[in-house]
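Summary of the model geometry
Residues per chain are reported as follows:
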Amino acid sequence: MYETINSPFTIGSVTLKNRIIFAPTSMGLKEEEYLEKLGAIARGGTAMIIIGDVPVLKSPFLSLYSRKGFLRYRRITETIHQNGALAAAQLHMSDSQFSRLIKYLPGMITGKIKPDELRILLNNTVSDYITGLTDKRISEIIRGFGKAAVLAKEAGFDVIQIHGDRMCGSFSSSIYNRRKDRYGGSPKNRARFACEAVAAVRRALPDITIDFKLAVRQENPHYGNAGILMEELPVFVPLLEQAGVNSFHVTLANHSDLSDTIPPASHPYFHGEGCFLSYCDEVRRLTDLPVCGVGRLCSPDFVEEQLKSGRIQLAAMSRQLIADPEWVKKTASGSVSKLFKCTGCNRECLGGMQAHKGVHCIRDHIQTKNKSLSHERKVVS
Ligand SMILES: Cc1cc2nc3c(=O)[nH]c(=O)nc-3n(C[C@H](O)[C@H](O)[C@H](O)COP(=O)(O)O)c2cc1C
């Protein structure tokens, strides 16, 4: 049972012990709780954990370039390895101007600007920022991808994922990118930034496995503003492959509502299991490289079917593994009835992140409540 889920799979120079990946998930937790959560997900049998949003350049937040940041990432990879999984670093370059963030900081602190409003304010600046970036700055950022990849490897990461959204996604998008030079205009030109980022990593680390988070947007109905239009995939996918990508992690592009890319069960359009898999079908037509699906992948039967049919080669999960880090173990041992299935409520995961309380699951509350109830019962008896 669930033979495909539990079968190993090789991408580039690494072999994953099974087909399940923890999708990049920034958690906003204190260090010890974060490491504990990553350890639990690794112990639960997941083959690889992708650490979200690892900065490409030096950053006022922790980055690979400072001693403190480097040691933090090393602790992360050690925790993941000690618990039996591989670690991937998602190299991330923001497309928000830091000076704008500083401008809005007082409003955020006083609560005048809510997180959702901040997102809209920042999104409104993306097009001007991307369109106005100088060649010199672009070269610095591209070099940064190579340097950050080398540091990530030194910190113990086994795989590099390039965040194909954010700055790569904004360059890719005809909605945001209004440049008139070789980085703008035609789909081939708009693919140049992402391809140069991939090539920089490939040059710096010829043998590393490079996964690319391919951010797709669609029309009719319109979803996603950054990223690559479905119809443009035939241009982008081969170029990215030539640049050195080993696999694609395919999802909806960002910069619309966060609840589109992290859709709740009540989402009007992306409510079904495997809600972004139709994008994978299109990518599958264009390349022989492995394709990883993500988005409401929860039930073992459904996931096994998608893998077995060859529709996808790998399945990534974020909220399901937050809800039940032992998904893989329980699936492998036939204890599927004991799985805690993600309900897609988004209350404590996305909700927790937006409320700056850190990412949790409603399950944590249920368990805490049950524990205190049983404690009360013991005290009473
Ligand atoms: C709390 C939270 C944080 C996330 N952080 C990131 C991130 O740092 N980078 C990223 O590319 N995607 C991030 N995602 C998106 C997930 O990787 C994934 O694409 C999305 O949640 C859909 O998958 P799911 O249905 O399995 O949750 C995040 C998702 C959640 C719920």
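The present account deals with the structure reproduced in this document. Owing to the predicted nature of the structure, the values given are computational and were not obtained by experimental measurement.

Taken together, the side chains of Phe61, Phe98, Ile102, Leu105, Met108 and Ile109 define a hydrophobic patch exposed on the protein surface, amounting to about 600 Å² of accessible area. For Leu105, the location among the structural elements is in helix α3 (residues 98-110).

Right, let's talk about the packing of helix α1 (residues 31-43) against helix α2 (residues 67-82) for a bit. When two helices pack together, their arrangement is given by the angle between their axes and by how far apart the axes lie. Between α1 and α2, the least distance of the axes is 8 Å, while the angle of their chain directions is 30 degrees. Compared by their axis directions, α1 and α2 come out roughly parallel. The crossing of α1 and α2 is right-handed. Contact with α1, carried on its side by Glu31, Tyr34, Leu35, Leu38, Gly39 and Ala42, involves Arg72, Arg75, Ile76, Thr79 and Ile80 of α2 and no other residues of that element.

Under the criterion given, the structure shown has 9 aromatic pairs. When the ring of Phe276 is compared with that of Tyr279, the centres are 6.1 Å apart and the planes differ by 5 degrees; the resulting orientation is stacked. On the accessibility criterion, Tyr279 (0% relative accessible area) is buried. Three or more aromatic residues joined by ring pairs make a cluster, and in this case those are Tyr223, Tyr269, Phe270, Phe276 and Tyr279. When the ring centre of Tyr73 is taken as reference, the NZ or CZ atom of Arg72 above it lies at 5.5 Å.

So, on to the site of the ligand. Around the ligand, a shell composed of 19 residues is seen, among which Pro24, Ser26, Lys213, Arg296 and Arg319 lie nearest. Within the contact set of the ligand, an oxygen atom lies 2.7 Å away from a side-chain nitrogen or oxygen of Arg319. Burial of the ligand by the protein chains amounts to 94% of its free accessible area of 610 Å². For the shell around the ligand, the residue count by class is 7 nonpolar, 8 polar and 4 charged.

What counts and what doesn't
Residues numbered from 1 in each chain as written. Predicted model: local features only at pLDDT ≥ 70, side-chain atom pairs only at ≥ 80, totals over all residues. Heavy atoms only, no water. Patch = residues over 30% accessible without salt bridge, like charges linked within 9 Å, V, L, I, M, F, W, Y side chains within 5 Å. Areas by Shrake-Rupley, 256 points an atom, 1.4 Å probe, with all protein chains shown as cover. Salt bridge = Lys/Arg side-chain N within 4 Å of Asp/Glu carboxyl O. Helix = DSSP H or I, 4+ residues; strand = E, 2+ residues; numbered from the N terminus. Axes fitted to C-alpha atoms, helices over the stretch in contact; angles between N-to-C directions. Parallel < 35°, antiparallel > 145°, perpendicular 65-115°, else oblique. Left-handed = near helix turned anticlockwise from the far one by under 90°. Contact = heavy atoms within 4.5 Å. Phe/Tyr/Trp six-rings, centres within 6.5 Å; stacked < 30°, edge-to-face > 60°. Buried < 20%, exposed > 50% of the residue type's maximum accessible area, 1.4 Å probe, protein only. Lys NZ or Arg CZ within 6 Å of the ring centre and 35° of its normal. Near = heavy atom within 4 Å. Polar contact = N/O pair within 3.5 Å; in protein donor to acceptor, adjacent residues only side chain to side chain. Nonpolar A, V, L, I, M, F, W, Y, C, P; charged D, E, K, R; others polar.

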